[in-house]
Amino acid sequence: MQKNVGGFDRTVRLVIGPVLLVVVLAWLLGAIALDLWLVVVALLVGAILTVTGLTQKCPANSVLGTNTLGEVGETEDESAGETPR
């Protein structure tokens, strides 16, 4: 799978994802009270957002044909600053 997450999309994922994971940690430590279903959702969404932000690969973006990394025709090598041979 090619990288398809970049720019503002990646920044949002790398902010909201870890924040949700901190909320789960706070719940585990007893600092906040939440329903269990809400904690599970926060854990799943936070983990998915964090991983997709870090790897810059999102299966949902691939299925939807969305690429926020750069230009539509740009390959991974070109986005990394390398010129194709």
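Scroll up for the structure.
Described below are features of the structure shown in this document. (Residues numbered from 1 in each chain as written. Predicted model: local features only at pLDDT ≥ 70, side-chain atom pairs only at ≥ 80, totals over all residues. Heavy atoms only, no water.)

### Description of the side chain of Thr 52
Take Thr 52: it is sitting in helix α2 (residues 36–55). For Thr 52, a relative accessible area of 7% puts it in the buried group. At 2.8 Å, the side chain of Thr 52 forms a polar contact with the backbone oxygen of Ile 48. Among the polar contacts listed, one links the side chain of Thr 52 to the backbone oxygen of Leu 49, at a separation of 3.2 Å. Not counting residues up to four positions away in its chain, the partners in contact with Thr 52 are Val 5, Arg 13, Lys 57 and Cys 58. (Helix = DSSP H or I, 4+ residues; strand = E, 2+ residues; numbered from the N terminus. Buried < 20%, exposed > 50% of the residue type's maximum accessible area, 1.4 Å probe, protein only. Polar contact = N/O pair within 3.5 Å; in protein donor to acceptor, adjacent residues only side chain to side chain. Contact = heavy atoms within 4.5 Å.)

### Overview of the environment of Thr 68
Within the secondary structure layout, Thr 68 lies in the loop between α3 (59–64) and α4 (76–79). Residue class for Thr 68 comes out partly exposed when judged on its relative accessible area of 31%. The spacing of Thr 68 and Phe 8 is 60 residues in sequence and 8.1 Å in space, taken between C-alpha atoms. A polar contact is formed between the side chain of Thr 68 and the side chain of Asp 9, at a distance of 3.1 Å.

### Overview of the packing of helix α1 (residues 7–28) against α2
Contact pair α1 / α2: the axes reach a minimum separation of 7 Å and the direction vectors enclose 145°. Considering how the two elements wind past one another, α1 and α2 form a crossing that is left-handed. Contact residues: Arg 10, Arg 13, Leu 14, Ile 16, Gly 17, Pro 18, Leu 20, Leu 21, Val 24 and Trp 27 in α1; Leu 36, Val 39, Ala 42, Leu 43, Val 45, Gly 46, Ala 47, Leu 49, Thr 50, Thr 52, Gly 53 and Leu 54 in α2. (Axes fitted to C-alpha atoms, helices over the stretch in contact; angles between N-to-C directions. Left-handed = near helix turned anticlockwise from the far one by under 90°.)

### Here's the deal with α2
Between its terminal C-alpha atoms α2 stretches 28 Å, which fits the 28 Å expected from 20 residues at 1.5 Å a residue. What α2 keeps buried is the set Val 39, Ala 42, Gly 46, Thr 50, Thr 52 and Gly 53. On its buried side, α2 packs onto α1. After α2 finishes, the residue Gln 56 shows a positive phi value of roughly 60°. (Expected span 1.5 Å × (residues − 1).)

### Regarding the side chain of Gln 56
Tracing the backbone shows Gln 56 in the loop between α2 and α3. Gln 56 sits in the buried class, given a relative accessible area of 13%. Aside from chain neighbours lying at most four places away, what touches Gln 56 is Lys 3, Asn 4, Val 5, Gly 6, Arg 10 and Leu 69.

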